[in-house]
Amino acid sequence: MGTIVVVLAIIGVLVLFSYLKFPPAYADKKLVKVYDMMVLGVCAVLCLMWFLNIRANWMGGINDKWWEPVAIAGALAIETVFLGVCFLMRNFWVFKPPRRPGGGFGF
């Protein structure tokens, strides 16, 4: 289980790095920063709630030795998927690239 947590941690760090390193160049920097802080805050709350839920339900029972790796792996998976989806939404939907005039099929 430790290997899975390490791999998810590496993937999570890479997703976080790419999320913060590649903002849309054509958007207002202040608006992108507000959006990024909101997304990171929501992601932190989701991961914390997952961790606390697993801790409350699995700690002290027959799954006592498994609650920590499952909680950490789940939080890292949530972070990876959430930031990946928000990265795509931010760069291609919320802050759309400007349309180029005449970029059609030659008409």
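Here, the structure is the one placed above.
Residues numbered from 1 in each chain as written. Predicted model: local features only at pLDDT ≥ 70, side-chain atom pairs only at ≥ 80, totals over all residues. Heavy atoms only, no water.

Draft legend 1. Expanded view of the overall build of the protein. Helices and strands together make up the secondary structure of the protein, namely three helices and zero strands. For the protein, the N- to C-terminal ordering of α and β elements is α-α-α. What you see for the protein is a C-alpha radius of gyration of 19 Å, clearly larger than the 13 Å of a compact globule of 107 residues, by over 25%. C-alpha extents for the protein along the principal axes are approximately 70 × 25 × 20 Å. Counting every position in the protein, which comprises 107 residues, the buried fraction comes to 27%. Taking contacts inside the protein between residues at least 6 apart in sequence as the whole, the part at least 24 apart equals 74%. Counting only carbon and sulfur atoms, one obtains 73% of the accessible surface of the protein, whose full area is about 7700 Å². Averaged over its 10 positive side-chain charges, the protein has a centre that lies 14 Å from the centre of its 5 negative ones. (Helix = DSSP H or I, 4+ residues; strand = E, 2+ residues; numbered from the N terminus. Rg over C-alpha atoms; globule rule 2.2 N^0.38 Å. Buried < 20%, exposed > 50% of the residue type's maximum accessible area, 1.4 Å probe, protein only. Contact = heavy atoms within 4.5 Å. Areas by Shrake-Rupley, 256 points an atom, 1.4 Å probe, with all protein chains shown as cover. Lys, Arg positive; Asp, Glu negative; His and termini not counted. Charge placed at Lys NZ, Arg CZ, Asp CG, Glu CD.)

Draft legend 2. Quick peek at the environment of N63. Mapped onto the secondary structure, N63 falls in the loop between helix 2 (29–58) and helix 3 (67–94). Expressed as a C-alpha distance, the spacing of N63 and F82, which sit 19 residues apart in the sequence, is 27 Å.

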